[in-house]
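Take a look at the letters that make up each chain.
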Amino acid sequence: RYDDLKQLVQVNVSFNTLPVKVTEDYFRINEKQSLVPLNLYIENKDLTFKEEGGMHVARLNLYGIVTSMTNRVVTEFEDDIMAAYSTDELLVGLRQGSMYQKILPLQSSMRYKVDIVVKDSNSEKVGVIRTALIPPKISDDQLNASSVILSDYLRVLEDSPEPDEMFVIGDVKVRPNMNGRFSRSKPFSIYFHVYNAAIDQTSFEPSL
């Protein structure tokens, strides 16, 4: 749908008029594969809101492409992001941010690069991001750990998640806090995986 955004990647455009923060985390699937949640965060104050049906709405178009170091296309993705607030909520909403996540299964023995283009469809402002993705290779016999996610929302899912539901790792929904701001009024959680822990021979549970 977004050939215009794809062309910005192909011509290697480097200007940015829309600030976008990108982080990635790495979780082991098996010895050869990793799960890589790719997280995007945009401050709402940098977006342009237009009134639609009594609501103030910002709309973003997103295109991303993951390639190997030999420029082989691994996967492409595109999506729409929307933030909407009533008139009473708008001032509070402008102090918050909008998040997007794409979870990528990648080979642990390879290096990748990801190019992402985000366009504010109301203002035509564009953010272009290029970053490396290097899934660590985790052995089967050494104590190790995944990335650490600092989260302000974490809960165990009771039902199976929807396909492509964001912020889901296994049976847990964990949303990273990407603005670095925490308050006493909101929960604070730390989420990570531990691999190859020893087993307590009495309880048969992991011994750390």
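Computed from a predicted structure; not experimentally measured.

(A) Local environment of the overall build of the protein chain. Within the protein chain, the regular secondary structure consists of two helices and 17 strands. Along the three orthogonal principal directions, the C-alpha set of the protein chain runs to about 65 × 45 × 30 Å. Of all 208 residues assigned to the protein chain, the portion counted as buried reaches 39%. Intrachain contacts of the protein chain at a sequence separation of at least 6 include 65% that bridge at least 24 residues. Carbon together with sulfur atoms contributes 50% to the accessible area of the protein chain, which is approximately 12300 Å² in total.

(B) Fine view of the layout of surface pockets. Its boundaries defined by the atoms lining it, the largest pocket holds a volume of some 480 Å³. If you trace the largest pocket, you find 19 residues lining it, with Gln-96, Gly-97, Asp-152, Asn-179 and Lys-186 closest to the centre. Mapped onto the lining of the largest pocket, the elements with two or more residues apiece are strand S7 (97-107) and strand S13 (172-176). With three residues, the top contributor of residues to the lining of the largest pocket is S7. Of the residues in the lining of the largest pocket, the class split is eight nonpolar, six polar and five charged. In this model, the second largest pocket occupies a volume close to 220 Å³. Lining the second largest pocket we find Asp-79, Tyr-100, Gln-101, Lys-102, Ile-103, Pro-161, Glu-162, Pro-163, Asp-164, Glu-165, Met-166 and Val-168. The dominant element in the lining of the second largest pocket, judged by the number of residues it contributes, is S7, at four residues. For the lining of the second largest pocket, the residue count by class is six nonpolar, one polar and five charged.

(C) Quick look at the pairing of strand S5 (residues 55-68). Of all the 14 residues making up S5, 12 are buried; the element is thus mostly covered by neighbouring parts of the structure. As paired strands, strand S4 (residues 50-52) and S5 are joined by three bridges and run antiparallel to one another. Residue pairing for S5: Glu-52 is matched across the bridge by Met-55. Once S4 ends, the chain turns through two residues before running back antiparallel as S5, passing Gly-53 with a positive phi of about 60°.

(D) The arrangement of the packing of aromatic side chains in detail. The full count for this structure, using the stated rule, is three aromatic pairs. Aromatic pair Phe-27 and Tyr-191: ring centres 6.0 Å apart, planes at 55°, arrangement tilted. In this pair, Phe-27 sits in strand S2 (residues 27-28) while Tyr-191 sits in strand S14 (residues 189-191), placing the two residues 164 residues apart along the sequence. The exposure classification of Phe-27 matches that of Tyr-191, with both residues buried.

(E) Representation of the nonpolar core within the structure. Counting residues in hydrophobic clusters, the biggest one holds 27 residues, and the most contacted among them are Leu-38, Leu-40, Leu-62, Leu-104, Ile-116, Val-118 and Leu-133. Counting residues in hydrophobic clusters, the runner-up holds nine residues, among them Tyr-2, Leu-5, Val-9 and Val-126.

(F) Representation of empty space enclosed by the protein in the model. Under the definition given, this model contains one cavity of 30 Å³ or more. By volume, the largest cavity is sized at about 30 Å³. Forming the boundary of the largest cavity are Leu-40, Tyr-41, Ile-42, Leu-60, Ile-81, Ser-98, Met-99 and Tyr-100. Split by residue class, the lining of the largest cavity holds seven nonpolar, one polar and no charged.

Rules behind the numbers
- Residues numbered from 1 in each chain as written.
- Predicted model: local features only at pLDDT ≥ 70, side-chain atom pairs only at ≥ 80, totals over all residues.
- Heavy atoms only, no water.
- Helix = DSSP H or I, 4+ residues; strand = E, 2+ residues; numbered from the N terminus.
- Buried < 20%, exposed > 50% of the residue type's maximum accessible area, 1.4 Å probe, protein only.
- Contact = heavy atoms within 4.5 Å.
- Areas by Shrake-Rupley, 256 points an atom, 1.4 Å probe, with all protein chains shown as cover.
- 1 Å grid on protein atoms, 1.4 Å probe; cavity = no way out; pocket = protein on both sides within 12 Å on 5 of 7 lines; lining within 4 Å.
- Points joined across faces, edges and corners; volume = space filled by probe spheres on them.
- Nonpolar A, V, L, I, M, F, W, Y, C, P; charged D, E, K, R; others polar.
- Pairing = 2+ DSSP bridges.
- Phe/Tyr/Trp six-rings, centres within 6.5 Å; stacked < 30°, edge-to-face > 60°.
- Core = buried A, V, L, I, M, F, W, Y, C linked by side-chain atoms within 4.5 Å.

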